[in-house]
Amino acid sequence: MTSSQENHQRTTRLRSYLLRPNSNINIAAWNVRTMFETSRSAQIAKEMKQYDISILGISEARWTGSGKITCNSSETIIYSGKDQDHQRGVAIMMSKETSKTLIDWYPVNDRIVYARFDSKHVKLSVIQCYSPTNDANDDEKDTFYNLLQSVLHRTPKHDMVIVMGDLNAKVGQDNTGKEACMGAHGIGQLNENEEHLLDFCEMNGLVVCNTIFAHKDIHKYTWVSPDKRTKNQIDYIMINKRWRRSVIDARTYRGADINSDHILLRAKIQLKLKAMRKVQGRRKFAVNKLKQLEVKEAFKLELRNRFSALETMNDENNMDKKWDNIKDCFTSAATDTLGYRKSVKEEWITSDTWILISERKKIRSKMLECKVNTEMESL
């Protein structure tokens, strides 16, 4: 496991930022079936460059243990697997530039790995996961989602959070009652894992990105059966709702090939920042003018005339309307007769100080006029 302090110092020194408002990054998820084969990592790295991917979440890496390595092609891989068996396992592969922004990471188990990246405006937390299949028992599913929930709970609240991977769930395309966590552009029929996934998203304010955008079905499904007859959407990229607008697109790319029955799922992200609105202070009426007798009488007369006009209105049963009318009488009368108070900046230098500054200026002028040092000393 890496040292978070060492990574953070290196990141600060290089000042590399992953997310920027004026540029896009691509984050992808892919079940590659295995990385425990000769040249498998090199093939994945090649496809990663081909599709301009900064961060690639990998399911079924099948590497044992956990650690961090750098490929010959300069990509960095962090992984988490079983201690001995080459089963399951997850990993995150990142480009050379992206690895410079890695702040911290830690392996959880053979189904979950976490990484955090630096950015100027918001940090990015990525959780790559591999869920139990739909046929797994309920205890195994509950254990997975409870552990995933604990990892998400440890994630800083202000981060942009990406949860992605092979979730083995079919959410379908009917989002009735689930509009907050998924769009209407899913595909396929529901299965039992759908309830676990959408409940998790709703509880944590996550949105399933690859159900939001309208695409052809061939750009939606993420898994194809060996006989090519069954196609499903079971891999997902999710983001917290606060940063939903930062996702520009999400779809699959069938051209990416690693000899897997899963298809590369890629999301394009461009940081969208909310514009800060300038809050104007409340304007105050010049009530000090009421000390003048003429202004005071004019205000009373204006107010009396406006209230007399209200007597002809029949809004006694509508208290809200009655209050609005009374408030309008006072504000309009004050606007016409008093006006608004002018903001005057108070002078923080006193008049005595200005006098001393003026005397100093006179003395300096006399010193400059002196041609002989003795005359300067007499001053």
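A brief report on the enclosed structure follows. (Residues numbered from 1 in each chain as written. Predicted model: local features only at pLDDT ≥ 70, side-chain atom pairs only at ≥ 80, totals over all residues. Heavy atoms only, no water.)

**Considering the layout of surface pockets**
Part 1 of the reasoning: There is about 330 Å³ of room inside the largest pocket.
Part 2 of the reasoning: Forming the walls of the largest pocket are 22 residues, and the residues nearest its centre are Leu18, Ser54, Ser95, Glu97 and Thr98.
Part 3 of the reasoning: Those elements giving two or more residues to the lining of the largest pocket turn out to be strand 1 (24–31), helix 2 (40–50), helix 3 (96–99) and strand 15 (264–270).
Part 4 of the reasoning: Its residues placed into classes, the lining of the largest pocket shows 5 nonpolar, 9 polar and 8 charged. (1 Å grid on protein atoms, 1.4 Å probe; cavity = no way out; pocket = protein on both sides within 12 Å on 5 of 7 lines; lining within 4 Å. Points joined across faces, edges and corners; volume = space filled by probe spheres on them. Helix = DSSP H or I, 4+ residues; strand = E, 2+ residues; numbered from the N terminus. Nonpolar A, V, L, I, M, F, W, Y, C, P; charged D, E, K, R; others polar.)

**Remarks on the sheet that holds strand 4 (residues 76–80)**
Part 1 of the reasoning: If you walk across this open sheet you meet the 7 strands as 3-4-5-2-1-15-14, and the pairing is mixed. The open sheet is flanked by strand 3 (66–70) and strand 14 (247–253), the only strands paired with a single partner. Taking each pair of neighbouring strands and ignoring which way they run, the sheet shows an average axis angle of 15°.
Part 2 of the reasoning: The pairing of strand 2 (residues 55–59) with strand 5 (residues 90–94) spans 5 bridges and is antiparallel. Paired with serine 59 across the bridge in strand 5 is valine 90.
Part 3 of the reasoning: Most of the contacts of helix 2 go to strand 5, to which it runs at about 50°, and overall it touches strand 1, strand 2, strand 4 and strand 5. (Pairing = 2+ DSSP bridges. Axes fitted to C-alpha atoms, helices over the stretch in contact; angles between N-to-C directions. Contact = heavy atoms within 4.5 Å.)

**Comments concerning the side chain of lysine 141**
Part 1 of the reasoning: Take lysine 141: it is sitting in helix 4 (residues 138–154).
Part 2 of the reasoning: A distance of 3.1 Å separates a polar atom in the side chain of lysine 141 from a polar atom in the side chain of asparagine 193.
Part 3 of the reasoning: Dropping the residues within four chain positions of it, lysine 141 is found in contact with Pro132, Thr133, Asn134, Ala136, Glu192, Asn193 and His196. (Polar contact = N/O pair within 3.5 Å; in protein donor to acceptor, adjacent residues only side chain to side chain.)

**Considering the pairing of strand 3**
Part 1 of the reasoning: In terms of strand pairing, strand 3 meets strand 4 through 5 bridges, oriented antiparallel. Bridge pairing links threonine 70 to threonine 76 in strand 4.
Part 2 of the reasoning: The turn linking strand 3 back onto strand 4 is made up of 5 residues, and serine 74 within it adopts a positive phi angle of 85°.

**Here's the deal with the packing of helix 4 against helix 5 (residues 193–204)**
Part 1 of the reasoning: Closest axis-to-axis distance for the helix 4/helix 5 pair is 11 Å, and the angle between their directions is 20°. As far as their axial angle goes, helix 5 and helix 4 are roughly parallel. The two elements helix 4 and helix 5 meet at a crossing, and its hand is right-handed. For the pair helix 4 and helix 5, the contacting residues are Lys141, Asp142, Tyr145, Leu148, Gln149 and Leu152 in the first and Asn193, His196, Leu197, Phe200, Met203 and Asn204 in the second.
Part 2 of the reasoning: Residues of the contact of helix 4 with helix 5, tallied by class, amount to 6 nonpolar, 4 polar and 2 charged. (Parallel < 35°, antiparallel > 145°, perpendicular 65-115°, else oblique. Left-handed = near helix turned anticlockwise from the far one by under 90°.)

**Observations concerning the nonpolar core**
Part 1 of the reasoning: Counting residues in hydrophobic clusters, the biggest one holds 35 residues, and the most contacted among them are Ile55, Phe117, Leu124, Met160 and Ile162.
Part 2 of the reasoning: Contacts of leucine 124, omitting those with residues within four sequence positions, involve Leu18, Leu19, Ile27, Ile55, Ala115, Arg116, Phe117, Met160 and Ile162.
Part 3 of the reasoning: If you look at the next biggest cluster of nonpolar residues, it comprises 25 residues, including Cys129, Val151, Cys181 and Leu198. (Core = buried A, V, L, I, M, F, W, Y, C linked by side-chain atoms within 4.5 Å. Buried < 20%, exposed > 50% of the residue type's maximum accessible area, 1.4 Å probe, protein only.)

**Here's the deal with the packing of aromatic side chains**
Part 1 of the reasoning: Inspection of the entire model under this criterion finds 6 aromatic pairs.
Part 2 of the reasoning: Taking 5.0 Å as the distance between ring centres and 90° as the angle between the ring planes, the aromatic pair formed by tryptophan 63 and tyrosine 79 counts as edge-to-face. Of this pair, tryptophan 63 sits in the loop between strand 2 and strand 3 while tyrosine 79 sits in strand 4; the two residues are 16 residues apart in sequence, bridging distant segments of the chain. Each member of the pair, tryptophan 63 as well as tyrosine 79, is classed as buried.
Part 3 of the reasoning: Aromatic ring contacts, followed pair by pair, group Phe144, Tyr145 and Phe200 into a single cluster. (Phe/Tyr/Trp six-rings, centres within 6.5 Å; stacked < 30°, edge-to-face > 60°.)

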